[in-house]
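# Observations on chain architecture
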Amino acid sequence: RIQILFERPSLDMSNVDTPEINIDDIILHVETPLIYSAPLSKIAQRDVYCKLENTQPSGSFKLRGIGHACRLAVKNGATHLVCSSGGNAGLATAYSANQLGVRATVFTMDGLPQPVLRKFYDLGCDIHIGGPVWDVCDATAKRFVKQLEKQGTRVMYVHPFDMAAVHDGHSTLVHEVWVGRVTIQHSILDTIYYIVYTIHPSPR
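Throughout what follows, the structure given in this document is the object of discussion. Because the structure is a prediction, the values reported are computed rather than measured.

## Observations regarding the overall build of the protein
Along its length, the protein carries eight helices and seven strands. Roughly 11,400 Å² of accessible area belongs to the protein as shown, and the carbon and sulfur atoms make up 54% of that amount.

Here is the structure:
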């Protein structure tokens with residue numbers, strides 16, 4: 001059984017004139033600072049640079065990948081985006097949907113901190129409790145997507161991490177590091193590992 005924490009009413013916009021907007025012109029993620037970290041470099045015994053993805057407009061380091069997936073979905077006709085998340089992926093989906101002008105429903109877990117729920121609310125998405133853990137929550141979100149599809153809704157399920165479009169979106173981070181002309185003597189993957197796990201310990 002789905003517990004609905006917050007669901008916004010549907011609005012009939014059929015009689016409202018809205019300007020044509022090129023989806024590709026809507027800015028979702030922004031270029032973020034790349035800074036040298038002395039403390040992390042000391043621990044790792046190599047130069048570590050932090051790409052500050054926590055400064056993205058959504059407050060989530062997943063905005064690049066999730067935003068790209070959401071943009072593609074809307075370009076292909078989706079009017080409703082659905083995601084399961086314990087925080088970062090949901091924030092990125094909610095923010096992207098808000099910017100792209102479509103509806104979003106985020107399925108999250110029991111006991112999520114109130115500040116995170118408030119962020120979802122402020123971004124204008126519907127918030128459903130899908131289960132006690134992420135796996136159950138994700139399965140509930142997928143069932144919800146099937147229900148919407150049966151109703152004729154043009155819906156897209158956005159996976160929080162395992163999705164080709166998400167991977168493509170995140171790859172722009174590597175491009176920014178490259179063009180930033182910063183000399184990194186060790187692997188970029190080591191650098192990204194430190195970015196993710198110092199900002200948020202959960203990959204979801």
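Read on, since the account is not over.
## Thoughts on the environment of P57
Within the fold, P57 resides in the loop between β3 (49–51) and α2 (63–75). Look at P57 and you get partly exposed, because its relative accessible area is 41%. When the C-alpha positions of P57 and A92 are compared, they lie 9.0 Å apart, and in sequence the two are 35 residues distant. Beyond its immediate stretch of four places on either side in the chain, P57 contacts L28, V30, L63 and Y95.

## Description of the nonpolar core
In globular proteins that are soluble, nonpolar side chains generally tend to be buried together. In terms of nonpolar packing, the biggest core is built from 32 residues, with I66, L81, L100, F120, C125 and V158 touching the most fellow members. Secondary structure elements with two or more residues in this core: α2, β4 (80–84), α3 (88–100), β5 (103–109), α4 (114–122) and α6 (164–170). Ranked by residue count, the leading element in this core is α3, at seven residues. Beyond its immediate stretch of four places on either side in the chain, F120 contacts G87, G90, L91, V106, L112, C125 and I127. Of all hydrophobic cores here, the second largest spans 11 residues; its members include F107, A141, F144 and V155.

## Re the packing of aromatic side chains
By the definition in use, this model includes three aromatic pairs. Note on W134 and F161: the rings are 5.7 Å apart at their centroids and 40 degrees apart in plane angle, and the pair reads as tilted. Here F161 lies in the loop between β7 (155–158) and α6 and W134 lies in helix α5 (residues 134–150), a separation of 27 residues in the sequence. For F161, a relative accessible area of 33% gives the class partly exposed.

## Regarding the pattern of salt bridges
Tallied over the full model, the rule gives seven salt bridges. Note that R103 and D126 form a salt bridge whose closest N and O atoms lie 2.7 Å from each other. Of this pair, R103 sits in strand β5 while D126 sits in strand β6 (residues 126–131); the two residues are 23 residues apart in sequence, bridging distant segments of the chain. Between R118 and D122 there is a salt bridge, and its shortest N-O distance comes to 3.6 Å. Linking R118 with D122, this pair stays in helix α4, spanning four residues, or about one helical turn. You can call R118 partly exposed: its relative accessible area is 47%. Salt bridges linked by common partners bring K51, E53, R64 and E176 together as one network.

## Quick look at α2
Look at α2: 17 Å from first C-alpha to last across 13 residues, which is about the 18 Å you get at 1.5 Å a residue. For α2, the tally of buried residues reaches 10 of 13 residues, placing the bulk of the element in the interior. Listed in full, the buried residues belonging to α2 are L63, R64, G65, I66, G67, A69, C70, R71, A73 and V74. Of the surrounding secondary structure, the elements contacted by the buried residues of α2 are β3, β4, α3, β7, α6 and α7 (172–179). Of the residues flanking the end of α2, it is G77, one or two places downstream, whose phi is positive at about 105 degrees.

## Describing the packing of α2 against α3
Two elements in contact, α2 and α3, have axes separated by 9 Å at closest approach and are oriented at 40 degrees. By the angle class used here, α2 and α3 are oblique. The handedness of the crossing between α2 and α3 is right-handed. Where α2 abuts α3, its residues L63, I66, G67, C70, R71 and V74 lie against A89, A92, T93, Y95, S96 and L100.

About the cut-offs
Residues numbered from 1 in each chain as written. Predicted model: local features only at pLDDT ≥ 70, side-chain atom pairs only at ≥ 80, totals over all residues. Heavy atoms only, no water. Helix = DSSP H or I, 4+ residues; strand = E, 2+ residues; numbered from the N terminus. Areas by Shrake-Rupley, 256 points an atom, 1.4 Å probe, with all protein chains shown as cover. Buried < 20%, exposed > 50% of the residue type's maximum accessible area, 1.4 Å probe, protein only. Contact = heavy atoms within 4.5 Å. Core = buried A, V, L, I, M, F, W, Y, C linked by side-chain atoms within 4.5 Å. Phe/Tyr/Trp six-rings, centres within 6.5 Å; stacked < 30°, edge-to-face > 60°. Salt bridge = Lys/Arg side-chain N within 4 Å of Asp/Glu carboxyl O. Expected span 1.5 Å × (residues − 1). Axes fitted to C-alpha atoms, helices over the stretch in contact; angles between N-to-C directions. Parallel < 35°, antiparallel > 145°, perpendicular 65-115°, else oblique. Left-handed = near helix turned anticlockwise from the far one by under 90°.

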